[in-house]
Amino acid sequence: PVYGEPPDFAEIARAAKEGVDLLLSDGLGSEREGYTLSERIVGKTFDEEMSETKGRFFMSTFASNISRIRQCVDAALKYHRRVCFVGSSMKRNSAIAIEEKYLRIKREQLIDEHLVSKERPNHVCIILTGSQGEFGSALEKIASKRHRTIRIQKGDRILFSSDPIPGNDEHVTSVIEDLIEQGADVVYTA
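These figures come from a predicted structure and were not determined experimentally.

Draft legend 1. Local environment of the environment of Gln71. Here Gln71 shows up in helix α3 (residues 66-78). Along the chain, Gln71 and Gly4 lie 67 residues apart, while their C-alpha atoms are 13 Å from each other. Leaving out residues up to four positions away in the same chain, Gln71 has contacts with Val2, Tyr3, Glu39, Arg40, Val42, Gly43 and Phe46.

Structure below.
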């Protein structure tokens, strides 16, 4: 993890010696050979992509991935972008993380989605749900032009920070195609 203590592999090994036969954990991408890179790489990607983005910067992820959200917020503040959280679960989780002081962001550095269109595009970072192309998610609504306040503009860059979960590929591809057709620059894992 980027923040906090690393996994205690010695404790995991000790549990195995004591007779634990099975560890259940998230295994997305486990079929690929090699090792998973540190989550810090994602933060560097946010920094690089945001520094090159002339328009609005969108980052889509799971609302529960607060560590990833924090890295994006840190990059946004570095580049003097106000942050807008979009999607009900994203708003709820980020509000709790701000209240608990895990996300270090001041009230004046936040912007409501209804005011995004009034900001200079290169001063906006939108963090939203929908990285899996879920119907009704914030990003899917924007891609299908059903979102109440946010429309894609030329120069927008949208970064999918999560690989598609097996079975979601079609939904994700459809959202990506809709965004590209509207003029967005979309960054995703092929």
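From this point, the narrative continues.
Draft legend 2. Inspection of α3 at higher detail. If you check α3, its first and last C-alpha atoms are 18 Å apart, about what 13 residues at 1.5 Å a residue would give, namely 18 Å. Burial analysis of α3 places 10 of its 13 residues in the buried class, which makes it a mostly covered element. Every buried residue of α3 is listed here: Ile66, Ser67, Arg68, Ile69, Arg70, Gln71, Cys72, Val73, Ala75 and Ala76. Turning to α3, the residues buried within the fold contact α2 (40-52), β1 (57-60), β2 (82-86), α4 (88-99) and β3 (124-128). Trailing α3 by a residue or two, His80 shows a phi angle of about 55°, which is positive.

Draft legend 3. Inspection of the side chain of Thr61 at higher detail. With respect to the helices and strands, Thr61 occurs in the loop between β1 and α3. For Thr61, a relative accessible area of 1% gives the class buried. Engagement of the side chain of Thr61 in a polar contact is seen with the side chain of Ser161, the distance being 3.3 Å. In this structure Thr61 touches Arg68, Ile69, Met90, Leu128, Thr129, Gly130, Ser131, Ser161 and Ser162, once residues within four positions along its chain are discounted.

Rules and cut-offs
Residues numbered from 1 in each chain as written. Predicted model: local features only at pLDDT ≥ 70, side-chain atom pairs only at ≥ 80, totals over all residues. Heavy atoms only, no water. Helix = DSSP H or I, 4+ residues; strand = E, 2+ residues; numbered from the N terminus. Contact = heavy atoms within 4.5 Å. Expected span 1.5 Å × (residues − 1). Buried < 20%, exposed > 50% of the residue type's maximum accessible area, 1.4 Å probe, protein only. Polar contact = N/O pair within 3.5 Å; in protein donor to acceptor, adjacent residues only side chain to side chain.

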